[in-house]
Structures are given as C-alpha cells and as structure tokens.
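# A closer look at the structure
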Amino acid sequence: NLSTNLIVPTNDEVGSLATAITDLGRELDEYRTNRREFFANISHELRTPISYIKGYSQVLTNGLISNEAEKNQYLTIINEEADRLTTLINDLFELAKMEEGKIDLNYEWLDIGDILNSSVKKVSLKAAEKKIEIRLNTVIDYPLLYTDGVRLEQVIINLIENAIRYSDDESRIDIYTKMYNENLEIFIQDFGMGIPEDDVPFIFERFYRVEKSRSRASGGTGLGLAIVKNLVQLLGGEIKFESIQGKGTLFKLVFSTEQKVGETNEKNN
Ligand code: ADP
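Because the structure is predicted, anything quoted here is derived from the model rather than measured.

## Considering the confidence of the model for the protein
Per-residue confidence for the protein gives a mean pLDDT of 90; residues scoring 70 or more make up 92%. Taking the mean pLDDT of every element in the protein, the minimum, 46, falls on helix 7 (residues 261-268) and the maximum, 98, on strand 6 (residues 238-244). pLDDT under 50 marks residues 264-269. Its contacts with residues more than four places away, or in other chains, come to nine contacts. Prediction confidence for the complex, expressed as pTM and ipTM, is 0.85 and 0.98 respectively.

## A word on the sheet that holds strand 7 (residues 248-256)
On the basis of which strands lie adjacent, the open sheet formed by five strands has the order 2-4-5-7-6 and mixed pairing. Two strands close off the open sheet at either side, each with one partner strand: strand 2 (133-137) and strand 6. Ignoring which end each strand starts from, the neighbouring axes of this sheet average 15° apart. In this structure, strand 6 lies alongside strand 7, joined through seven bridges in antiparallel fashion. If you follow serine 243 over to strand 7, its bridge partner there is threonine 249. Running over the sheet, helix 4 (residues 149-165) touches strand 2, strand 4 (172-180), strand 5 (183-190), strand 6 and strand 7 and is turned about 170° from strand 7.

## Remarks on the side chain of threonine 177
Residue placement: threonine 177 occurs in strand 4. Accessibility expressed as a relative area gives 7% for threonine 177, which makes it buried. Residue contacts for threonine 177: discarding those within four places in its chain leaves Ile112, Leu116, Asn137, Thr138, Val139, Tyr142, Leu184, Glu185 and Ile186.

## Concerning unusual backbone geometry
We note that glutamate 170 has phi near 60°; this positive angle belongs to a residue other than glycine. Of note, glutamate 170 is situated in the loop between helix 4 and strand 4. What makes glutamate 170 exposed here is its relative accessible area of 60%. Even without glycine at this site, phenylalanine 207 takes up a positive phi of about 70°. Within the secondary structure, phenylalanine 207 sits in the loop between strand 5 and helix 5 (212-217).

Calculation notes
- Residues numbered from 1 in each chain as written.
- Predicted model: local features only at pLDDT ≥ 70, side-chain atom pairs only at ≥ 80, totals over all residues.
- Heavy atoms only, no water.
- pLDDT = per-residue confidence, 0-100.
- Helix = DSSP H or I, 4+ residues; strand = E, 2+ residues; numbered from the N terminus.
- Contact = heavy atoms within 4.5 Å.
- Pairing = 2+ DSSP bridges.
- Axes fitted to C-alpha atoms, helices over the stretch in contact; angles between N-to-C directions.
- Buried < 20%, exposed > 50% of the residue type's maximum accessible area, 1.4 Å probe, protein only.

Next comes the structure, spelled out in structure tokens:
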C-alpha cells in the first residue's frame, strides 16, 4: 500500500518530496480502486443480459412451453438482451477510445439549427411511443459553429433520449438556443422525474444510475452521460445541468462560435 504516510519534516526538500510521494500513492490507490470498481461494474452489466439469454433459452429448449404467445415473449426477451449486450460493448469501446483521445473528429462550419432539426427527427419515433411532444425553437441567423456534426448530434440525441426516458407519457421537451457573448448555448429541458440532489455529483460517472430499473427497462446502459461528457470536452465545449426532483431537468451545452477549437485538434489527430 503506497499511501502509507511517511513521517518526515515537511519544511525541507526531502519533506516535500515525501509529501509528493504520499500524494502520488494516494492517487494510485484511488486509481486502482476505480479500476477495480469499473471492471466489477462491467462484468455485472455483461452478466445480467447473458443470464437472461441463458435462462430463457433453457426454458425454450426444455420444451415445457405449450403456448405460442409465451414462446414469442421469451424469444423477444432473448433478442432484446442480445441487443443490450451489443449496445453495451459498443458504448464501452467508444468510451475507451475517447478516453485515450483516439477518435477522429471531422470539423466543419455548421448551422446549429440543421443539427438540432436532424437530431429531433431521429428521436421522434421514441418520443411518439410515449406521446411526448418535442418543441424545437431555433434562431435562423446564429453564427455557424466549427464542430464535428456527427459527434455533436450524438451528444444532443443522447440528451433528448434521456429526457424521453426519464419523463412520463404525454410530457413535453423544450429545445432552444441562445447566444451569450460569442457563445452558443443549447438547452434541452424536460419536465420529467428530475435528479435527486444527492445523485447530482455522480450522474456523469460511468454506470451511475439513479434508478436502475427504469434505466434498464428503457435500454439505458448507464454510460450515456459519461460518453456525452467526454465528447463535449473533445469538442471544446461545456456541459452543465440543473434539476429539481419531480419537476424536471435542464441540460445546457456551451460552445464558442469564435474560437476554432477544432483546428488545433485536427492537427493533433
Ligand atoms: P442511462 O443509460 O441509465 O440513462 P446515463 O449515463 O445517460 O445512463 O445517465 C445516468 C443517470 O442519470 C440515469 O440513469 C438517470 O438516473 C439520470 N438522468 C440522466 N438524464 C436524466 C434526465 N433527463 N432526467 C432525470 N434523470 C436523468
């Protein structure tokens, strides 16, 4: 255990070195604990769908099911759980690449209105399933944004999908933009269940969920916001949110329209 405290006077060079080593040890311990927790989480998340698939396929092969409806129900579960595994593996892979800075970004000047319109179109089916209305309000003459459109759309879609997932049927989602100095702000507001105060500091952590069953039932992997946060950082933006339990959540994305963030990134890639 590296974090054992070394007792040395701290007012000389050896002392500061000892402090530095102690701090480093603490960081390393923390890193090891995080890593262990992360792998424990992964194996749990992978094991759950596998156990469903195994369980239901065993029931089916035992031939104990007489009626067709029940059989189809089990086959549907198996299919859904296989999809979940694929999503999970894809998400994990994405996250790993991002954390190593190994994703290619394709920067161009884009209109935020186009990005938002296209994102809303892609989630419209999911919104319709819950009879949720999405109100999109964009301003036409905003400055263009130098960004990776595919990745920014991924961020926005993820946030809207969460808004749908954690709202009741027949609710509403508002999406709007504002300019604040040279910054473009994108807001995604829902009137859903909100995030309890105690959970607020953790929601960007990998696998963190406030309500496991709701997340799972609607296809969540608990990795969505971790991916979102990484992507926003890679795109040179900021993400913030405010939430009131039982009332709803407001996510805000901030991107500069002046700074060509991508140009430096492009050179590095
Ligand atoms: P998940 O796949 O579970 O949705 P995320 O990483 O996207 O995982 O989100 C982490 C957790 O944050 C969710 O499980 C949920 O509890 C909470 N959360 C995220 N977005 C919202 C929202 N719009 N309203 C309420 N809770 C949310």
